[in-house]
Amino acid sequence: MMMMMISSGRRALFLLHSSRLILSARAFTPSLVSQAFRPGNSFLPSSHTFSSTKLSSLPMANTIMDGEEDPYIWLEEVESPESIAFAESANAKCLAELGDPTETDTYKRVLTALQSDERIPHVRMLGYEKDTGDMLLYNFWRDANSPKGIWRKTTLQQYQSADTEWTTVLDLDKLAKEEDISWVWKGYTALPRSLDSQSGGPMGRVTRVLLNLSRGGADATFLREFDLLTESFVDAENDDGFSLPEAKTRASYKSRDVLLVGADTGEDSMTSSGYPRTVREWKRGTKIEDAPIVFEGEKTDVSCGQYLLDESDREGGDVYEVQSRSISFYDRYTYVKKQSDDTFTKLAIALNTGVSFCGRWMMIRVKADWEPEDNGSDKTFKSGSFLYVDAGSFIEFSKAKADGDEDAIKNCNLEYHVLFEPTATTSYSGYSTTKSYLIVYILDDVKEQLTFYKLGEGGGPFVQVGGDEQGQIRSVSASPVDSKTSDLIFQTTSSYISPSKLVLADANKIGTDDYMVSELKSLPEMFDSSGLEVSQQFATPKDGTRIPYFMIHKKGMKLDGSTPTLLYGYGGFEVSLGPRYVTSVGISWLERGGVYVEANIRGGGEYGPQWHQQALRENRNLCYEDFIAVGEHLVESKVCTPQTLACRGGSNGGLLTGNMLVQAPDLFQAIHIAVPLLDMKRYSKLLAGASWMAEYGDPDTDDWENFLHKYSPYHNIDVSRDKYPNVLVTTSTRDDRVHPAHARKMVKKLWDEGQGKEWPVYYYENIEGGHGGASDSRQEAFMTSLSYDFMWRALTNALPRK
């Protein structure tokens, strides 16, 4: 779900949320690795895929009572004949009642937008051309001709032209056909040029990558080494290429011929959460089972990992090797050694502290007030602060502290430098680096701003040199073109109603008219936003906390409660929601005249760690109270009424909307619950669920009786109710993060207990798609149309009567 170390990338977030439930890094349950959702399978739901099994022929049971065996546990067998029969019959029933989304205008327009050639092809720089010295840029691209996608390359010079010429490196559709496997792209890990004897140095090129390919969109991937010079896979048998079977593998290069890898190598190699428990140093040409274990955690840990970070290109920097043992989702032991060290040193930091490195500096994100009295400072660093300290000195201090050497501790002379300290309205959001600059992202009442710092002379302390004077209602990212050799950045901006724009900028020119080098790409308007405006409002739950939300609506909207309004939320894992251009929302909701609302409820990261920590475990209900308060504020403001209000959320957000069904059913006319957690009694036993107990609690302890049962939607269905709002539940058979049984069991129970009552519940289970819910653009358009059309029809009294 969240990264174990502070990322030098845009955000240390690994959740999925955008038009596939608004898939960006914001909406689905977090994963433990940097793994963006990459759709890529051509499955298209159609009537011929459904079996003829009738739902009435499947097992039926009554309400689950505490202490009783779960009568729907048979639906936890993901691909059993009975479970698949349930899914296929439910799908057929759903489409028979709601219609085929592929025949709708919503589907056609969303698909056209998703496959448009006018989308921005975002790129990653992987070195320089040998002959011209031009930068080599790589992009993964899907369109109507390549639904699974192609990996392609161009040069920076070409990328700056209006008609960029691309060269295909790998055709995933062709590969899938040749190997008869429905491959989905899951990204890659590059061999750093500094670790590669054949790269040609800093001005050379990346020669090898580790590709991650998934069957049908699952988190588990196949690892295959790929040669960028020959543009082909490195054969595992004849050329000793690195290759591993399907698992939740974590791997990176230690050198050209050595990997640091956590993989499923048999018994006890994985944690109870399903992630690597051991790290092996795997040499080329040997068997993974014979590779020595160089680091390991406990079976009950969430995961452990190890990697190299080469900061020797920055003055005073070094090559840092990092080991991280995550004992819970947020707490970890961190061990570091520099290239000249013989052994690793356990860092003397709080378990929930995030660290990374930039040149000679160790970057620290504090998640609880920290008073390092014996760490060379008499200051108290507030939770949410972002600071740095000399890495070598801190490593030596940590050694001395572990040895109890008081004299050595005093001689460390640590000096802490604060880059950001939060206020009541501001929070740290992430950072990125160029060769000479550090760019810090700050949220001020959820409005984003950038601050630029330049690395001091001789690798000295950072000096602030410019940035935004105040936050704006927009999304902005500034990623380095090549952080090893250049201060050029790719800067992308967008907002709820302004399409994305990508420019090439020069950090050396920040604050001047020459900052923007060239405008690279612009997304045209994908929906009609004329007459729309964005406002920020605040709601107040019963404890008096100020809860912000963004609202997009027509200017001059009548406040008579008649406008169909969609409320979206997430509220978990310190994930912040915020402005970005989402075509599917514009086409499917805003163009129709609807109001779209995003609630920045507690549990998220909009106001830093404390905003998240306020809604953990026994206080989880605060995020639900916040969401209800926003809904009630919309009604009180006469934006809508309960009859014209819908809500939507996925994964942890599905738990949120599931609780809206059982806690506030009279506030909503329609609810979409996507890829959800719903059974909080058994969630920790299903797939990656054990890794989230720091967020929710442990149901096998007193946590269940004390608080967890209160927000387990599966256990809080009110059989005495005659009426529930319209509900659509969606999930994916191939979701190996949040088990599809959460959705299956909830729906089956609602159907069984709702017989003879007005409980309109629809269910659709995509047979492929992984945790994102869809694995290619056609599936994405299908699921988008299904959900948005369902909600719109529910709010406009156009659903069929059940």
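A word on the nonpolar core. Membership of the largest hydrophobic core comes to 128 residues, with the highest contact counts inside it found for F668 and Y696. In terms of residue count, helix α14 (residues 777-795) provides more of this core than any other element does, 10 residues in total. Other than its neighbours up to four places away in sequence, Y696 contacts F573, R617, R620, N652, L655, L677, M680, Y683, F707, L708 and Y711. In this structure, M362, W370, A391 and L414 belong to the second largest nonpolar core, which totals 24 residues.

Our next topic: the sheet that holds strand β35 (residues 670-674). Read from one edge of the open sheet, eight strands run β30-β31-β33-β32-β34-β35-β36-β37, paired in mixed fashion. Looking at which strands have only one partner, the edges of the open sheet turn out to be β30 (532-539) and β37 (761-766). Taken over all neighbouring pairs, the strand axes of this sheet differ in orientation by 15° on average, direction set aside. The sheet contact formed by strand β36 (residues 726-732) and β37 spans six bridges and is parallel. Across the sheet, residue V727 finds its bridge partner in β37, namely V761. Sitting on the sheet, helix α1 (residues 81-98) is in contact with β36 and β37, with an inclination near 125° to β37. α14 rests against β32 (565-568), β34 (645-650), β35, β36 and β37 of the sheet, and its axis sits at about 170° to β36.

What follows deals with the packing of aromatic side chains. Scanning the entire structure with this criterion turns up 38 aromatic pairs. Ring geometry for F452 and Y515: centres 6.1 Å apart, planes at 90°, overall edge-to-face. Here F452 is found in strand β24 (residues 447-454), whereas its partner Y515 is found in the loop between β28 (501-506) and β29 (516-522), with 63 residues between them in sequence. A cation over a ring is seen here: K521 above Y159, with NZ or CZ 4.9 Å from the ring centre. For the cation-ring pair, K749 lies above Y714, with the distance from its terminal atom to the ring centre recorded as 4.9 Å.

Definitions and cut-offs
Residues numbered from 1 in each chain as written. Predicted model: local features only at pLDDT ≥ 70, side-chain atom pairs only at ≥ 80, totals over all residues. Heavy atoms only, no water. Core = buried A, V, L, I, M, F, W, Y, C linked by side-chain atoms within 4.5 Å. Buried < 20%, exposed > 50% of the residue type's maximum accessible area, 1.4 Å probe, protein only. Helix = DSSP H or I, 4+ residues; strand = E, 2+ residues; numbered from the N terminus. Contact = heavy atoms within 4.5 Å. Pairing = 2+ DSSP bridges. Axes fitted to C-alpha atoms, helices over the stretch in contact; angles between N-to-C directions. Phe/Tyr/Trp six-rings, centres within 6.5 Å; stacked < 30°, edge-to-face > 60°. Lys NZ or Arg CZ within 6 Å of the ring centre and 35° of its normal.

From the geometry alone we can't say anything about function, so treat these as descriptive.
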